[in-house]
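Topology and contacts: notes
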Amino acid sequence: DTGVSQDPRHKITKRGQNVTFRCDPISEHNRLYWYRQTLGQGPEFLTYFQNEAQLEKSRLLSDRFSAERPKGSFSTLEIQRTEQGDSAMYLCASSLGHKMNTEAFFGQGTRLTVV
Amino acid sequence: SQKIEQNSEALNIQEGKTATLTCNYTNYSPAYLQWYRQDPGRGPVFLLLIRENEKEKRKERLKVTFDTTLKQSLFHITASQPADSATYLCALTTGGGNKLTFGTGTQLKVEL
């Protein structure tokens, strides 16, 4: 399978714990995005990387959130001191190129439940 | 404020009919508008992209229109099938980096 892969698919954690999610994009894609989606809403942009550089972060991304993309390959999204409001589906997407007319390929998402 | 609005209520139609979904936006000037399909528990899947200078685009049973004066896109599925039942999201390409700003989505249910 050469699509975007996310791990784990589901994560249940206690409030206050740290969690880390992984995303493996399509191998030749230079752009990688993280989105968050809550029930009944569309995905909301969190951050994106072009190769290994993190070029933009949303105001939604509090200082408890950090993302990395070492060597421009896979990416990790870490949430520290989780809160119940962090419960959501975390989606990773990747795309190729620098133009605006490129589609995004999404992974299946990681569903986080904070109890 | 900036908004992307899609029909909040689910759309139920009979098999074989044409489904029409609406996406309205305010205070954006997108160069591109995209439509995605999302099934429960899965990530969105790209369907169609239309540029600001294109009025209409088609792909098989799908058709998208884009009216930058009305700030509206219409998404049509002709000869709808139960397998078309899903949530359909419109998204604008905004800002640098091709990040997508999504609407809330419209749930479509095609009944036999």
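First things first, this report covers the structure right here in the doc.

Definitions and cut-offs
Residues numbered from 1 in each chain as written. Chains lettered and ligands numbered in written order. Predicted model: local features only at pLDDT ≥ 70, side-chain atom pairs only at ≥ 80, totals over all residues. Heavy atoms only, no water. Helix = DSSP H or I, 4+ residues; strand = E, 2+ residues; numbered from the N terminus. Buried < 20%, exposed > 50% of the residue type's maximum accessible area, 1.4 Å probe, protein only. Contact = heavy atoms within 4.5 Å. Pairing = 2+ DSSP bridges. Axes fitted to C-alpha atoms, helices over the stretch in contact; angles between N-to-C directions. Salt bridge = Lys/Arg side-chain N within 4 Å of Asp/Glu carboxyl O. Polar contact = N/O pair within 3.5 Å; in protein donor to acceptor, adjacent residues only side chain to side chain. Nonpolar A, V, L, I, M, F, W, Y, C, P; charged D, E, K, R; others polar. Disulfide = S-S within 2.5 Å.

Residue and element names in this part refer to chain B. Among the secondary structure elements, Gly16 is positioned in the loop between strand S2 (11-14) and strand S3 (19-26). Taking relative accessible area as the criterion, Gly16 reaches 48% and is therefore assigned partly exposed. Along the chain, Gly16 and Glu54 lie 38 residues apart, while their C-alpha atoms are 27 Å from each other. In contact with Gly16, not counting residues within four places along its chain, are Ala79 and Ser80.

Once that is clear, we can look at the sheet that holds strand S8 (residues 75-79) of chain A. Note on sheets: strands pair through backbone hydrogen bonds, and any given pair is parallel or antiparallel. Residue and element names in this part refer to chain A. Spatial strand order, S1-S3-S8-S7: 4 strands in an open sheet with antiparallel pairing. Edge positions in the sheet fall to strand S1 (5-7) and strand S7 (65-68), since each has one partner strand and no second. Pairs of neighbouring strands in the sheet enclose a mean axial angle of 15°, with direction left out of account. Pairing between S7 and S8: 4 bridges, direction antiparallel.

Residue and element names in this part refer to chain B. The 5 strands are arranged S1-S3-S8-S7-S6 in an open sheet whose pairing can be described as antiparallel. Of all the strands in the sheet, the pair left with one neighbour each is strand S1 (3-6) and strand S6 (56-59). Across the sheet, the mean angle from the axis of one strand to that of its neighbour is 15°, orientation sign disregarded. Of the pairings in the sheet, the one linking strand S7 (residues 62-67) to strand S8 (residues 72-77) comprises 6 bridges and is antiparallel in character. Opposite Asp67, over in S8, you have Gln72 as the bridge partner.

Attention now moves to the interface of chain B and chain A. Where the parts come together, the accessible area they lose is often given as the size of the interface. Listed by partner, the interface residues are 23 residues for chain B and 24 residues for chain A. Where chain B touches chain A, the interface holds 1 salt bridge. Note that Lys99 of chain B is salt-bridged to Glu56 of chain A, the shortest N-O span being 2.4 Å. Our count for the contact surface shared by chain B and chain A stands at 6 residue pairs in polar contact (both at pLDDT 80 or more). Counting residues per element, the side of chain B that touches chain A draws most heavily on strand S4 (residues 32-38) of chain B, which supplies 4 residues. Of the residues that constitute the side of chain B that touches chain A, the class distribution is 9 nonpolar, 11 polar and 3 charged.

Once that is clear, we can look at the environment of Leu91 of chain A. With respect to the element layout, Leu91 of chain A can be found in strand S9 (residues 88-95). For the pair Leu91 of chain A and Pro43 of chain A, spaced 48 residues apart in sequence, the C-alpha to C-alpha distance is 7.8 Å.

All names here are of chain A. This model, assessed by the stated rule, comprises 2 disulfides over all chains. Disulfide partner of Cys23: Cys92, at an S-S distance of 1.9 Å. Note on the Cys23 and Cys92 pair: the S-S dihedral is about -70°, so by sign convention the disulfide is left-handed. On the criterion of sequence distance, the pair formed by Cys23 in strand S3 (residues 19-24) and Cys92 in strand S9 is long-range, its members being 69 residues apart. Classification of Cys23 by relative accessible area gives buried; the value is 0%.

Residue and element names in this part refer to chain B. With 7 of its 7 residues buried, S4 lies for the most part within the structure. Where burial is concerned, the two faces of S4 agree: the one with Tyr32, Gln34, Tyr36 and Gln38 and the one with Leu33, Trp35 and Arg37 are both buried. Here 6 bridges tie S4 to strand S5 (residues 45-51), and the two strands are oriented antiparallel to one another. Bridged to Arg37 within S5 is Val45. Taking the residues between adjacent antiparallel strands as the criterion, S4 and S5 are bridged by 6 residues, where Gly41 takes a positive phi near 75°. Bridge count between S4 and strand S9 (residues 86-93): 6 bridges; the pairing is antiparallel. Counted as the bridge partner of Gln38 is Thr87 from S9.

This part is about the pattern of salt bridges. All names here are of chain B. Across all of its chains, the model carries 8 salt bridges over all chains by this definition. The salt bridge partner of Glu54 is Lys57, with a shortest N-O separation of 3.9 Å. Given the relative accessible area of 29%, Lys57 is considered partly exposed.

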